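Analysis of the macromolecular model
Spelled out, the chains give:
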Amino acid sequence: MALLAVAGYALLRPTAPHDSGAGLGAVDPAPLIVLTDGGERSFSVEIADEPSERQQGLMFREHMDDDHGMLFVFSETQQVGFWMKDTPLALDLIFIGPDGRVRAIRRGEPLSLATISPDVPVRFVFEVKAGIAARLGIEDGDRVHHPAIDGVAGEGSPGQAGSGPVSDD
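Residues numbered from 1 in each chain as written. Predicted model: local features only at pLDDT ≥ 70, side-chain atom pairs only at ≥ 80, totals over all residues. Heavy atoms only, no water.

1. A word on the overall build of the chain
Here is the rule: Under the scheme used here, helices are H or I runs from DSSP no shorter than 4 residues and strands are E runs no shorter than 2 residues, and both carry numbers assigned from the N terminus. Every residue pair with non-hydrogen atoms within 4.5 Å of one another is taken to be in contact. Residue burial considers only the protein chains on display, and all accessible areas are found by Shrake-Rupley using a 1.4 Å probe.
The number of helices and strands found in the chain is 3 helices and 9 strands. Its helices and strands taken in sequence order, the chain reads β-β-β-α-β-β-β-β-β-α-β-α from the N to the C terminus. For the chain, the share of sequence-separated contacts (at least 6 apart) that also reach a separation of at least 24 residues comes to 72%. As displayed, the chain offers around 8100 Å² of accessible surface, 51% of which is attributable to carbon and sulfur atoms.

Shown next, in the form of structure tokens:
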């Protein structure tokens, strides 16, 4: 399996002056919800499902709200690797398998070329500000819901079948 360097293809393209990146991209209308032992954690998300969007990622972004993130969607389950060369924000990278379960959480070092990888194949990566995963109790094995994930995992989103809990099976 190929190791993809997704978050910062800056080595492959010239670095050009860029705005502060403080503005958000298009926010998906559906929230991303993580089911933790402490309850549901909801985020507004930008979706990066095209190669150019995954290449750009959160590069040059200087600010992001605590309840906001970017969901990277891959067309197949694969080994992935990210770096943060042009990303000034410290990030938590939450690696998610095709079943919608958190497989690993790694910290991204701002402006670094170090590869960040979960060492297991994943289908999705969710980036949030550094420290958010720990603060909200997001852990390996937690179920993540969003239409892009649920379509692959084969489960509905929380609240679709009533107000009861979503099965962890």
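Having put the structure on the table, let's press on.
2. As for the nonpolar core
So the rule is basically this: What is meant by a nonpolar core is a set of buried Ala, Val, Leu, Ile, Met, Phe, Trp, Tyr and Cys residues, joined one to another through side-chain atoms within 4.5 Å. To sort residues, take the accessible area from a 1.4 Å probe on protein chains only and compare it with the maximum for the residue type: under 20% means buried, over 50% means exposed, and anything in between is partly exposed.
In this structure, Leu-32, Phe-43, Leu-71, Ile-94 and Phe-126 are the most contacted members of the largest nonpolar core, which totals 18 residues. Of all the secondary structure elements, the ones that give two or more residues to this core are strand E2 (32–36), strand E3 (39–48), strand E4 (68–78), strand E6 (91–96), strand E8 (122–129) and helix H2 (132–136). In contact with Phe-43, not counting residues within four places along its chain, are Pro-31, Leu-32, Val-34, Asp-66, Asp-67, His-68, Phe-126, Val-128, Ile-132, Leu-136 and Ile-138. Among the nonpolar cores identified, the runner-up in size contains 17 residues, and Leu-58, Met-64, Ala-104 and Val-125 belong to it.

3. Let's talk about unusual backbone geometry
Backbone geometry at Phe-60 places phi at a positive 70°, although glycine is not the residue there. Along the chain, Phe-60 falls in the loop between helix H1 (51–56) and E4.

4. Overview of the pairing of E2
Consecutive residues of a regular strand have side chains that alternate between opposite faces of the sheet. Put simply, the test is: By definition, two strands form a pair when at least two bridges between them are found by DSSP.
Judged by how many residues are buried, E2 sits mostly within the fold: 5 of 5 residues are covered. Here 3 bridges tie E2 to strand E9 (residues 143–145), and the two strands are oriented antiparallel to one another. Paired with Leu-35 across the bridge in E9 is Arg-143.

5. Details of the pattern of salt bridges
Rule in force here: Put simply, a salt bridge is a Lys or Arg side-chain nitrogen that is within 4 Å of an Asp or Glu carboxyl oxygen.
Tallied over the entire structure, the rule returns 7 salt bridges. Residue Lys-129 pairs with Asp-66 through a salt bridge whose shortest N-O separation is 2.7 Å. Taken together, the positions of Lys-129 in strand E8 and Asp-66 in the loop between H1 and E4 put the pair 63 residues apart, joining distant regions of the chain. With a relative accessible area of 26%, Lys-129 lands in the partly exposed category.

6. Examining the pairing of E8
Among the 8 residues of E8, 7 are classified as buried, and the element is accordingly described as predominantly covered. In the sheet, E4 pairs with E8 via 5 bridges, with the strands oriented antiparallel. Residue pairing for E8: Gln-78 is matched across the bridge by Val-122.

7. Points about the packing of aromatic side chains
Put simply, the test is: Only rings of Phe, Tyr and Trp enter the pairing, Trp through its six-membered ring, and a pair is recorded when the two centres are within 6.5 Å. The plane angle decides the type: under 30 degrees is stacked, over 60 is edge-to-face, the rest tilted.
The tally for this structure, following the rule as stated, stands at 3 aromatic pairs. Pairing Phe-72 with Phe-82 gives two aromatic rings, centres 5.1 Å apart and planes at 90°, and the pair type is edge-to-face. A residue pair is termed long-range when its members are at least 10 positions apart, and Phe-72 in strand E4 and Phe-82 in the loop between strand E5 (80–81) and E6 qualify at 10 residues. Its relative accessible area of 0% is what places Phe-82 among the buried residues. Both rings, one in Phe-82 and one in Phe-95, keep their centres 6.2 Å apart while their planes meet at 80°; by these two values the pair is edge-to-face. Taken together, the residues Phe-82 in the loop between E5 and E6 and Phe-95 in strand E6 connect sequence positions 13 residues apart. The same class applies to Phe-82 and to Phe-95, which are both buried.

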